[in-house]
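Residue-level structure breakdown
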Amino acid sequence: MRNVRVNGYNLYRNWARFLCFYKEQPLNLVRKYYGEKIGIYFAWLGFYTEMLFFAAVMGVICFTYGLLSYDDNQSHLFDNEGTVFLCHLHGDLG
């Protein structure tokens, strides 16, 4: 019983606090306290979150580039009837 309390306290100190969000997950402690399946789940969740972070950074870069390169006089996207062409390379469809 004492070992379970010690592992639970170590998890709280090293993992379950808000200010520990930047630290690596203590997966061995999670595995010992919760079991193999939950440990694998949190390992996958950490990997998935990390990969989404990199995708989000790329999305912010692309969005910022789009904002900075936006031109108010982009009338070449519209024809005379007000139809929007989704691909400006094929704007000569009409």
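Residues numbered from 1 in each chain as written. Predicted model: local features only at pLDDT ≥ 70, side-chain atom pairs only at ≥ 80, totals over all residues. Heavy atoms only, no water.

When you go through the chain residue by residue, the secondary structure sums to three helices and zero strands. Put simply, the chain has 94 residues, and 10% of those count as buried. A sequence separation of at least 24 residues applies to 13% of the contacts in the chain between residues at least 6 apart. Of the roughly 8600 Å² of accessible surface on the chain, a fraction of 62% belongs to carbon and sulfur atoms. (Helix = DSSP H or I, 4+ residues; strand = E, 2+ residues; numbered from the N terminus. Buried < 20%, exposed > 50% of the residue type's maximum accessible area, 1.4 Å probe, protein only. Contact = heavy atoms within 4.5 Å. Areas by Shrake-Rupley, 256 points an atom, 1.4 Å probe, with all protein chains shown as cover.)

Let us now look at the side chain of N10. Inspection of the secondary structure assignment puts N10 in helix α1 (residues 2-14). We classify N10 as buried; its relative accessible area is 19%. Looking at N10, its side chain comes within polar contact range of the side chain of R13, at 3.2 Å. (Polar contact = N/O pair within 3.5 Å; in protein donor to acceptor, adjacent residues only side chain to side chain.)

Attention now goes to the pattern of salt bridges. Taken as a whole and assessed by the stated rule, the structure comprises one salt bridge. For the salt bridge of R31 with E36, the shortest nitrogen-to-oxygen distance reads 3.4 Å. For E36, a relative accessible area of 48% corresponds to the partly exposed category. (Salt bridge = Lys/Arg side-chain N within 4 Å of Asp/Glu carboxyl O.)

On the surface, a nonpolar cluster with roughly 1000 Å² of combined accessible area is contributed by W44, F47, Y48, M51, L52, F53, F54, V57, M58 and I61. Residue class for L52 comes out partly exposed when judged on its relative accessible area of 43%. (Patch = residues over 30% accessible without salt bridge, like charges linked within 9 Å, V, L, I, M, F, W, Y side chains within 5 Å.)

Further remarks concern the confidence of the model for the chain. The predicted model of the chain has a mean per-residue pLDDT of 76, with 69% of residues at 70 or higher. By mean pLDDT, the top-scoring element of the chain is helix α3 (residues 36-68) (91), and the lowest-scoring one is α1 (77). (pLDDT = per-residue confidence, 0-100.)

A few words now on the packing of aromatic side chains. Here the structure, examined in full by the defined rule, presents five aromatic pairs. Both rings, one in F53 and one in F54, keep their centres 5.9 Å apart while their planes meet at 65°; by these two values the pair is edge-to-face. An aromatic cluster of three or more residues is present, and its members are W44, F47 and Y48. (Phe/Tyr/Trp six-rings, centres within 6.5 Å; stacked < 30°, edge-to-face > 60°.)

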